[in-house]
Each structure stands twice: as C-alpha cells, then as structure tokens.
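# Analysis of the macromolecular model
Residues per chain are reported as follows:
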Amino acid sequence: MFAKSTIGPDAVTPPWITNVRIADLDGDGRSDVLACDARLNTVWWYRQTPAGSWEEHRLGEDLVAPAHATVVDLDGDGRNDVLVAELGSIWPEDGVIGRVILLKNVTEAAGKGTPRFEKRVVLDDVRRVSDVQAGDLNGDGRIDLVVAAFGYDRGEVLWLENMGDLKFRDHSLHSAPGAIHVPLADFNRDGRTDIVTIVSQDEEELWGFENVGEGKFQSRKLWSTPNFDLGSAGLVADDLDQDGLIDLVLPVGDNLEDINSYPQPYHGCLWFRNRGDWTFDVQRIATFGGTYAAAVGDLNGDRHRDVVLVSMFNDWDDPRHASIIWLENDGKQNFRPWQIDEKPTHLVTVDCGDLNGDGRDDIVAGGLHLTSPFDRLGRMTSWSPTTKGTP
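Residues numbered from 1 in each chain as written. Predicted model: local features only at pLDDT ≥ 70, side-chain atom pairs only at ≥ 80, totals over all residues. Heavy atoms only, no water.

Tallying each qualifying case throughout the model produces 25 salt bridges. Taking the shortest distance from any N to any O, the salt bridge between Glu61 and Arg58 comes out at 3.9 Å. Owing to a relative accessible area of 49%, Glu61 belongs among the partly exposed residues under this scheme. Since its relative accessible area comes to 41%, Arg58 is described here as partly exposed. (Salt bridge = Lys/Arg side-chain N within 4 Å of Asp/Glu carboxyl O. Buried < 20%, exposed > 50% of the residue type's maximum accessible area, 1.4 Å probe, protein only.)

This is the structure:
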C-alpha cells in the first residue's frame, strides 16, 4: 500500500510540471523536491523544514519553459547549485531559444538563513534544451557539462568544457534533432565518465559517447528501431541488476504529436542490460500505455532495484486505467507490475528517493495537462510505501 499526498499547492488550472527531482539541496540531511514549472516559468524548491513539512521557495524566475533541473556543486564552494535546461517554448519550435541557466547558491550557510540563488546564463543561442548533466569529462578536476539540445527539425548534443570561473567552451558531439536526456556514467568501467543519449525525432536511436581521454569521445550507435512511432520519452542510467555495470532504462510511449493520442501495444519500458564492452541486451520489462517517464528505486526494502513508470496518454475514459505503476524486481530481474494509482492523470515526470527517512524510496510525480480530460488534475503528488514487502 502507498500513502498519497500533495506537495505544494493544489492544481487550480491545468499544471505544466515538466520535471521533478528529489535532492537534499541545502545539505541539512533531509530530502527536498525541485520542480520545473513551464506554465509559471519557474523552478520551485520544496524544502523540508522540519521533516514532513514543505516550505516553498522560488529558485528562479523568467525561465522560459524549464525542462530539467540538475543539482550539483558546480564551483566547488561546498554549496549545491541548480542547473536548468530551458526549452524556450514547450511547443515545437526550431529557433535558437534554448538556454542553460545556473542558479548559483549564494546562501550563507547550509540549512540556515534565507535561501538565495543568483541566476547566470551558461549557454544561450542554441535550440530548445531538454537536459543538462554535470561531470568531470577531461580529468582536470573541474565539473564540465553535457547538453541535450532537442530543437525540433535541428538539434545537437554538446559538452561544455569548464575553463574556470564558470566559463565554458562548447564542443559538438552529435548533430540530430530530438535528444532528450544525456545520462553520464562510466559505462565500460575504464575510470572515465562516458555519455549516452536517446534521440527520438527523425529517428529512434540510442547513442553512446565513449570517453577515450583528453576530452575526446568515440561515438557509438548502440540501438535503433524501425518503429519511428515508438515514442522514446527519456533515459535513466542505473545498475538495475547490481552487477557493477550501469544499465539503461528507456520509457516509450510519447505520442504527443498525435491529436488523438491513444495507448499502443508497443508502449511501456525497455531495459538495456549492460554486458560490458559497450554491448547491451534489450528486454521489454513492461507494457503500459502512454509511458512518459521512468525512475528507479527500492520501494519495498528488499534491496532490489524496482522501476516506477508514469503515463501521460492512457485510456482516461476508463477510470480504472493506471496513471502510475511500479515494477517489482524479485532479485532475478523478473519484473511484476503493480498499479499504484489512476489519478492524477497526464503524468510526465517521476523520481524516487527517501523523503521520510524510513530507508525505503518514495515517489514524486508531476502532471503536464495539455489535453483533455481535465477532471483529474494533479500538480505534484507523492506516494510513500506504508508496509514492508510488496506495498
């Protein structure tokens, strides 16, 4: 069973929450929640003070259609900053309207005082930016950035070399529209941080960029499908089978471009099991209409990695159809689906993390209500397991 609650204000108008992230932003030992709000062009911080009580802070304003927030101490001053991928428009658009924004933490002391963040532009004059991730890519001790410029007809993947003093030099990795997420990890266990991305516009392709040292990368097409309607909707890096090799989880079911979106039999979730040497086995682990996002966590405390999926386009005319499910991992990588809830509908983003300190991961999801029906609105909702074993 799960206990359900709302984070922040209730939805009065149809919400446009594009991203939620669980992180301890202020370093006080309690997990907070960040939310990108494309309707209000804002990144919100819901701070736990005290535990179980949410204090709302507006981190950044005038962020046009923020798509993703990444928490990282970019300048090494001991305070967490927030990197924001800014689309510039939630609707299809191919102008150079995307940006990467740094919300620099200038709060005097962790967990104390009034939180303050200053907005700085890291990258502009690019097409719609859907993701930005951070890591030391060239081994110089400075945190570099990787950017997915989704665009529309044109897009690219860039890495931004940190030159010091929060100045960056951009390098092109891949030219194609539709890059959604750019997870970073050491995928081949050679001690260097690699990059992967899912491309979903002209093609449906998974690309890897192997870090070969000194700021150089070898491009690898890892997977593609002839089903151009598959609807890749994001990419999550996690060691799902806990064998020491980082796997990939791909939610599929984005058919936002269709006027009458409807669940398809190929919607659901794919697991790319890392076998080493840049070889991945592909396995479907769920069929779920309109799947739009995935997150990984241990929901039942058995130390196995479970998967949570949310749906933007299920058959909402039938109130029994789920908007959020979880896939219970039995430890042998057999995944059993369980329905968590059927409302709110139109969920597009989800994250897992321990919000209440009980040692089990909780769930936070956000709603993006662009299409009817509008009778089961939800801005940000959390679900917490209430029993040990299968909730």
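After presenting the structure, the write-up continues.
Before going further, it helps to examine the domain arrangement of the chain. Segmenting the chain into domains produces domain 1 (1-16 + 235-390) and domain 2 (27-224). Between the C-alpha centres of domain 1 and domain 2 there is a distance of 22 Å. On the side of domain 2, 32 residues touch domain 1, which itself brings 29 residues to the contact. Carbon and sulfur atoms supply 71% of the area that domain 1 and domain 2 bury against each other, a total of about 2600 Å² over both sides. Ranking the residues of domain 1 by area buried against domain 2 places Trp16, Leu235 and Trp278 at the top, with a combined share of 36%. For the pair domain 1 and domain 2, the number of links is 1 salt bridge. Notably, a salt bridge pairs Asp37 with Arg379, separated by 3.6 Å at the nearest N-O pair. Applying the counting criterion to the domain 1 and domain 2 interface returns 7 residue pairs in polar contact (both at pLDDT 80 or more). Contributing elements (two or more residues each) for the side of domain 1 that touches domain 2: strand 19 (247-252), strand 20 (268-276) and strand 21 (279-287). Of the residues belonging to the side of domain 1 that touches domain 2, the class tally is 21 nonpolar, 4 polar and 4 charged. (Domains from an automatic or database assignment. Contact = heavy atoms within 4.5 Å. Buried area = accessible area lost by both parts, 1.4 Å probe. Polar contact = N/O pair within 3.5 Å; in protein donor to acceptor, adjacent residues only side chain to side chain. Helix = DSSP H or I, 4+ residues; strand = E, 2+ residues; numbered from the N terminus. Nonpolar A, V, L, I, M, F, W, Y, C, P; charged D, E, K, R; others polar.)

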